[in-house]
Amino acid sequence: LDGIDRIVLEGVRESLGEEEMKKLRAEAESHLRSYRKKMDKAIYEQTVQNFISRRLREMNNIPRMSLFYL
């Protein structure tokens, strides 16, 4: 299920286009600005990607593909 989830999210990312993805990244960075100094760079980047993935799911009404999120 995790692989299917990644494939679906990648398809949504590609369909959005570069400009929309930049907007989502800017939104994520603005929400996480206060945490940036406290986090390791790799962990901050993963948190940004998780935020973007969550927003993509919300925008496109895509459920999370996992047995833990049923």
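Structure first, text after, so check above.
Presented here is an overview of the structure given in this document. (Residues numbered from 1 in each chain as written. Predicted model: local features only at pLDDT ≥ 70, side-chain atom pairs only at ≥ 80, totals over all residues. Heavy atoms only, no water.)

## Concerning the nonpolar core
Here comes step 1: Counting 12 residues, the largest nonpolar core is built from Leu9, Val12, Met21, Leu24, Ala28, Leu32, Tyr44, Val48, Phe51, Ile52, Leu56 and Ile62.
Here comes step 2: Of all the secondary structure elements, the ones that give two or more residues to this core are helix H1 (2-16), helix H2 (18-31) and helix H4 (41-60).
Here comes step 3: Top element by residues in this core is H4. It accounts for 5 residues.
Here comes step 4: Beyond its immediate chain neighbours, meaning those up to four positions away, Ala28 contacts Val48, Phe51 and Ile52. (Core = buried A, V, L, I, M, F, W, Y, C linked by side-chain atoms within 4.5 Å. Buried < 20%, exposed > 50% of the residue type's maximum accessible area, 1.4 Å probe, protein only. Helix = DSSP H or I, 4+ residues; strand = E, 2+ residues; numbered from the N terminus. Contact = heavy atoms within 4.5 Å.)

## Comments concerning H4
Given 3.6 residues per turn, any residue in an α-helix points the same way as the ones three and four places further on.
Here comes step 1: Taking 1.5 Å as the rise per residue, H4 with 20 residues should run 28 Å; its terminal C-alpha atoms sit 29 Å apart, in good agreement.
Here comes step 2: Of the residues making up H4, those classed as buried are Tyr44, Val48, Phe51, Ile52, Ser53, Leu56 and Arg57.
Here comes step 3: Check the buried side of H4 and you find it contacts H1, H2 and helix H3 (33-36).
Here comes step 4: Positioned one or two residues after H4, Asn61 has a phi angle of 55°, which is positive. (Expected span 1.5 Å × (residues − 1).)

## A closer look at unusual backbone geometry
Here comes step 1: The backbone phi angle of Asn61 is positive, close to 55°, even though this residue is not glycine.
Here comes step 2: With respect to the element layout, Asn61 can be found in the segment after H4.
Here comes step 3: Accessibility expressed as a relative area gives 70% for Asn61, which makes it exposed.

## Some details on the packing of H2 against H4
Here comes step 1: Across the interface, H2 lies against H4 with an axial gap of 9 Å and an inter-helix angle of 120°. The angle between H2 and H4 places the two elements in the oblique class. With respect to the hand of their crossing, H2 and H4 are arranged in right-handed fashion. Facing H2, whose interface residues are Met21, Leu24, Arg25, Glu27, Ala28, Glu29 and His31, H4 presents Tyr44, Glu45, Val48, Gln49, Phe51, Ile52, Arg55, Leu56 and Met59. (Axes fitted to C-alpha atoms, helices over the stretch in contact; angles between N-to-C directions. Parallel < 35°, antiparallel > 145°, perpendicular 65-115°, else oblique. Left-handed = near helix turned anticlockwise from the far one by under 90°.)

## Looking at a nonpolar patch on the surface
Here comes step 1: A contiguous nonpolar surface patch, about 510 Å² in accessible area, is contributed by Leu1, Ile4, Leu67 and Phe68.
Here comes step 2: Within the secondary structure, Ile4 is located in helix H1.
Here comes step 3: With relative accessibility at 46%, the residue Ile4 sits in the partly exposed group. (Patch = residues over 30% accessible without salt bridge, like charges linked within 9 Å, V, L, I, M, F, W, Y side chains within 5 Å. Areas by Shrake-Rupley, 256 points an atom, 1.4 Å probe, with all protein chains shown as cover. Salt bridge = Lys/Arg side-chain N within 4 Å of Asp/Glu carboxyl O.)

On their own, these measurements won't tell you what the molecule is for.
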